[in-house]
Protein chains: 2
Amino acid sequence: MLDPVLARIDADLPAAMDRLSDLLKIPSISTDPAYAAECTKAADWLVRDLETIGISADARQTPGHPMVVGHGGEGGRHLLFYGHYDVQPVDPLDLWDHDPFDPRVEGGQIRARGAADDKGQLMTFVEACRAWKATHGNLPCRLTFLFEGEEESGSPSLIPFLKDNADELRAELALICDTGMFDPQTPAITTMLRGLLGEEITITGPSRDLHSGSYGGAAINPARVLARILASLHDDTGRITVPGFYDGVTELDPSVKAQWDQLPFDANAFLGDVGLSVPAGEQDRTPLEMIWSRPTCEINGMTSGYTGDGFKTVLPSKASAKISFRLVGQQDPFKIRDSFRKLVRDALPADCSVEFKDHGAGPASSMDISDPAFEAARQALSDEWPNEAAFVGAGGSIPIAGYFGDYLGMTALLAGFGRDDDRIHSPNEKYDVESFHKGIRSWARILAALSN
Amino acid sequence: MLDPVLARIDADLPAAMDRLSDLLKIPSISTDPAYAAECTKAADWLVRDLETIGISADARQTPGHPMVVGHGGEGGRHLLFYGHYDVQPVDPLDLWDHDPFDPRVEGGQIRARGAADDKGQLMTFVEACRAWKATHGNLPCRLTFLFEGEEESGSPSLIPFLKDNADELRAELALICDTGMFDPQTPAITTMLRGLLGEEITITGPSRDLHSGSYGGAAINPARVLARILASLHDDTGRITVPGFYDGVTELDPSVKAQWDQLPFDANAFLGDVGLSVPAGEQDRTPLEMIWSRPTCEINGMTSGYTGDGFKTVLPSKASAKISFRLVGQQDPFKIRDSFRKLVRDALPADCSVEFKDHGAGPASSMDISDPAFEAARQALSDEWPNEAAFVGAGGSIPIAGYFGDYLGMTALLAGFGRDDDRIHSPNEKYDVESFHKGIRSWARILAALSN
């Protein structure tokens, strides 16, 4: 069943690249209202494309951008495939080598905004289905498609849509193509995703900026208060001091840890690429544990007083910081938020007040790899690529995986073909032609493995 | 001798206000090269005005804006009077109630940029001389005038000019009119000025901004390093921890402290005006000591990572802060700078580097009030105003007072009539007509007291 499909994929690659190029030409930037019509255009393009492979699809209105939903095929395991057709903004435009919506293929790379995130990735799955249909006259199993248009702007319509259409969308397994390879030779299924708690604190001392000559010494300085609070969030060994923070942090399963220890991960190169040499986290953890399975607390931004050129002897009225916590296991983001806010309030001296801004709270998610589909998919990926596929963690958060569990009771299998140098969210985003081509072949193999 | 001069001052007030208004109309913003010709215009205006009272004056070229130098009078004590004719920029212009260079007199206030800082103040002395000359036909004693045009832009030409013209400018005592009253009823001679050390530190960790999901936990975060360093600069009791920092800090003379304790200083109002209630400095010091005679360390600004609206999970490459130290007694700013930089370097973890930017280093200055001129001037001021005049400290720095000591071997007597609400350096700067009128009368009294 599989070999003719793979042959068809190889033969059809130029046409598949043309189709992807058509989709990449649509500037479907979801966060900017000026591009709303373009988002609808991208959704409509996908509806038409799905219809060419025998999927009955339509674009459903939401308070934001449309959701594309499609159904087709029959028999076998019922799979839902998720991708997103919206893209990040393109500024600063002058850092692009070319128009981000005029796709180029050069040096084995497809260059355009969205090439890797996520149009190129979602089309790997569509093209695999197309080749299957062309070869065998039907799809390999019952398939549901869900393409979102708000992933890059916080997915405001997603949870209500999942709730309202749970019966229609629920399948046996979700497939998501929005992640990367472990390295260009080693495919990966992402089975652990860290959660995220985002908090912004603004401490106010004096009611206005003061002259540090006139008031310095007698007036409380909120920048000093903030610095003390931020400095208190870690102890000398790098552990986070927020009370109860480690509740629910689980130790890595020994078999997973053994597998991670086998991965060709070069910590020196990983850190050396960004000018560092020493893993900075808890000293009894490996670097992969630090970024995949251990929780963190990071200052993402801070500002107070005068930050321009030169010097102003201002004693600032306000000081603020943006702080994020990456969460693992069963850590409860809401409990941690409460505990963090209490820590900050308890640390405030007289005359200081604090305001909190909530920037999201989502728990970690961990896929149940005891489902035999995971091992089957891992084998299928291993067949396509030079190295054996790995079950990996991811430091970042992909909320959709958790939502499928929470609202549709469905496990998600995350496989993707992005590379670390794809420059997603940055100028000159690209997707390797090899990622696209072997990504399509990978999905054909996974479909073959999962559909019977 | 004095009474007819005071009467003449009262009678001439409308004309004196017109003259001040003419000077205020000239937008002599020293920091902006676009206003260079206006600075020259203001200097020339002063030369002509000094000439009308029998002073031989000229505008001397410098690499920056001109210095106005004048000589006149004879006999008695040789006094040098210093003021500055340049003004601060006016932006944000939309916060002004009217054109800052179209002076208005409303509600007993002269409103314009420079009304208080320093055109109105310097003209109090010129008008006192004018009245003396009109009444007695001559000036009260030998007088030298020095008007600077770069005070608001760091006085780059001042020290070379003082050095090159030391013999010409040296007098027995310098008078400076660029400070304020203790309160609207209580005149002040400022005899202690804190010094200032300004430092900017920039800590670099990763060579570029990173995604905190991908790197968080394994990569050092320079914002966290900076926060720890800033938090370590004070101990729990508010003392500054920089090694050797308190070397040279002298205790206040008991007689001066007794005088300060008598001042009608309302710490509750001082702090309450800016939304505070508790003096935040060393707890065994009075609020006036905190701001006048104790050294400080303040964070004037800090920035790192993403500081815009919303949230970005960036792990920043850099974090920086601007820090100033107010110095007293014989504290050595250069030793403190070295010690501070060593503290920062010693606190850096692996993979972090630091860059320092020097934003000036000047010691405190303290006037020798054993010179009988100080007590004589204090009596003269007390005769003019409702309350007895006070010898006060000032939290801010007025480098010129130190320069007169260092380069001309001359003590400076700082008397001025500004009020806390004059909004110098801010929109809607004003100078009370009473400050101007009684300021002129005050100088007439001081001249009468010092000239014989």
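Residues numbered from 1 in each chain as written. Chains lettered and ligands numbered in written order. Predicted model: local features only at pLDDT ≥ 70, side-chain atom pairs only at ≥ 80, totals over all residues. Heavy atoms only, no water.

Caption draft 1: View of the state of the cysteines. Using the criterion set out here, one finds 0 disulfides over all chains in the structure. Lacking any disulfide linkage, cysteine 352 of chain A is separated from the closest cysteine sulfur, that of cysteine 297 of chain B, by 16 Å. The thiol of cysteine 141 of chain B is not disulfide-bonded; the next cysteine sulfur, from cysteine 129 of chain B, is found 8.0 Å away. Classification of cysteine 141 of chain B by relative accessible area gives buried; the value is 0%. (Disulfide = S-S within 2.5 Å. Buried < 20%, exposed > 50% of the residue type's maximum accessible area, 1.4 Å probe, protein only.)

Caption draft 2: Broad picture of the relation of the copies chain B and chain A. When chain B is fitted onto chain A, the two copies agree to an RMSD of 0.1 Å after a turn of 180° and an axial shift of 0.1 Å. Such a combination of turn and shift is consistent with a two-fold rotation axis. With an isologous cut-off of 70% or more, the 100% of interface residues of chain B that recur at the interface of chain A puts this contact in the isologous class. (Least-squares fit on C-alpha atoms with pLDDT ≥ 70 in both. Contact = heavy atoms within 4.5 Å.)

Caption draft 3: Quick look at helix H13 (residues 399-408) of chain A. Within H13 of chain A, the full set of buried residues consists of Ile400, Ala401, Gly402, Phe404 and Leu408 of chain A. Trailing H13 of chain A by a residue or two, glycine 409 of chain A shows a phi angle of about 60°, which is positive. (Helix = DSSP H or I, 4+ residues; strand = E, 2+ residues; numbered from the N terminus.)

Caption draft 4: Representation of the interface of chain B and chain A within the structure. Taken together, the contacts link 75 residues of chain B with 75 residues of chain A. Both faces combined, the contact of chain B with chain A buries some 5700 Å², and carbon together with sulfur accounts for 57% of it. When the buried surface of chain B facing chain A is broken down by residue, Arg224, Met302 and Phe311 of chain B rank first, second and third, together holding 13% of it. Viewed at the interface, chain A and chain B are joined by 2 salt bridges. Linking aspartate 236 of chain A and arginine 228 of chain B is a salt bridge whose minimum nitrogen-to-oxygen distance equals 2.6 Å. (Buried area = accessible area lost by both parts, 1.4 Å probe. Salt bridge = Lys/Arg side-chain N within 4 Å of Asp/Glu carboxyl O.)

Caption draft 5: Inspection of the domain arrangement of chain A at higher detail. Residues and elements named next belong to chain A. Looking at the assigned domains, one finds that chain A contains domain 1 (2-193 + 364-451) and domain 2 (195-254 + 290-362). Centre-to-centre separation of domain 1 and domain 2, based on C-alpha positions: 37 Å. Taken together, the contact between domain 1 and domain 2 spans 10 residues of the former and 11 residues of the latter. The junction of domain 1 with domain 2 conceals about 740 Å² of combined surface from both sides, 57% of it contributed by carbon and sulfur atoms. (Domains from an automatic or database assignment.)

Caption draft 6: Main features of unusual backbone geometry. In the segment running from aspartate 91 of chain B into proline 92 of chain B, the intervening peptide bond is cis, with an omega of 0°. Looking at the element boundaries, proline 92 of chain B is found in the loop between strand E3 (79-84) and strand E4 (104-106). Omega for the bond connecting aspartate 117 of chain B with aspartate 118 of chain B falls within 30 degrees of zero, at 10°, which places this linkage in the cis form. One non-glycine residue with positive phi stands out, namely histidine 425 of chain A, at about 70°. Here histidine 425 of chain A shows up in the loop between strand E17 (412-415) and strand E18 (430-432).

Caption draft 7: Quick look at the environment of valine 256 of chain A. Here valine 256 of chain A lies in helix H8 (residues 254-262). Expressed as a C-alpha distance, the spacing of valine 256 of chain A and valine 392 of chain A, which sit 136 residues apart in the sequence, is 8.5 Å.

Caption draft 8: Structural detail: the packing of aromatic side chains. One pass over the full model with this rule turns up 40 aromatic pairs over all chains. Arranged with centres 5.8 Å apart and planes meeting at 65°, the rings of phenylalanine 125 of chain B and phenylalanine 145 of chain B form a pair that is edge-to-face. Remark: phenylalanine 145 of chain B occurs in strand E6 (residues 143-148) and phenylalanine 125 of chain B occurs in helix H3 (residues 119-136); sequence separation between them is 20 residues. Here the aromatic residues Phe81, Phe125, Phe145, Phe147, Trp385, Phe417 and Trp443 of chain A are joined through ring pairs into a cluster of three or more. Across from the ring centre of phenylalanine 391 of chain A, 5.8 Å away, lies the NZ or CZ of arginine 378 of chain A, which sits over that ring. (Phe/Tyr/Trp six-rings, centres within 6.5 Å; stacked < 30°, edge-to-face > 60°. Lys NZ or Arg CZ within 6 Å of the ring centre and 35° of its normal.)

Caption draft 9: Structural context of the sheet that holds strand E5 (residues 109-111) of chain A. All names here are of chain A. Pairing in this open sheet of 3 strands is antiparallel, and the strands run E4-E5-E18 from one edge to the other. Pairing within the sheet leaves two strands with one partner each, and these edge strands are strand E4 (104-106) and E18. This sheet shows a mean twist of 25° between the axes of neighbouring strands, independent of strand direction. Relative to E5, E4 runs antiparallel, the two sharing 3 bridges. From the neighbouring strand, valine 105 faces E5, where its bridge partner is isoleucine 110. The sheet strands contacting helix H14 (residues 433-451) are E4, E5 and E18, and the helix crosses E18 at an angle near 55°. (Pairing = 2+ DSSP bridges. Axes fitted to C-alpha atoms, helices over the stretch in contact; angles between N-to-C directions.)

Caption draft 10: Region of the structure containing the sheet that holds strand E18 (residues 430-432) of chain B. All names here are of chain B. Within the open sheet, the 3 strands sit side by side as E4-E5-E18. Their pairing is antiparallel. Bordering the open sheet on either side are E4 and E18, each of which pairs with just one other strand. Between one strand and the next, the sheet's axes are offset by a mean angle of 25°, whatever the strand orientation. Strands E4, strand E5 (109-111) and E18 of the sheet are contacted by helix H14 (residues 433-451), whose axis makes an angle of about 55° with E18.

Caption draft 11: Inspection of the packing of helix H1 (residues 2-24) of chain B against H3 of chain B at higher detail. Residues and elements named next belong to chain B. Running from amino to carboxyl end, H1 crosses H3 at an angle of 135°, the nearest separation of the two axes being 9 Å. Here H3 runs oblique to H1, going by the angle between their axes. The hand of the H1/H3 crossing is right-handed. Between H1 and H3, the residues in contact are Pro4, Val5, Arg8, Ile9, Asp12, Ala16, Arg19, Leu20, Leu23 and Leu24 and Lys119, Gly120, Met123, Glu127, Arg130, Ala131, Trp132, Ala134, Thr135 and His136, respectively. (Parallel < 35°, antiparallel > 145°, perpendicular 65-115°, else oblique. Left-handed = near helix turned anticlockwise from the far one by under 90°.)

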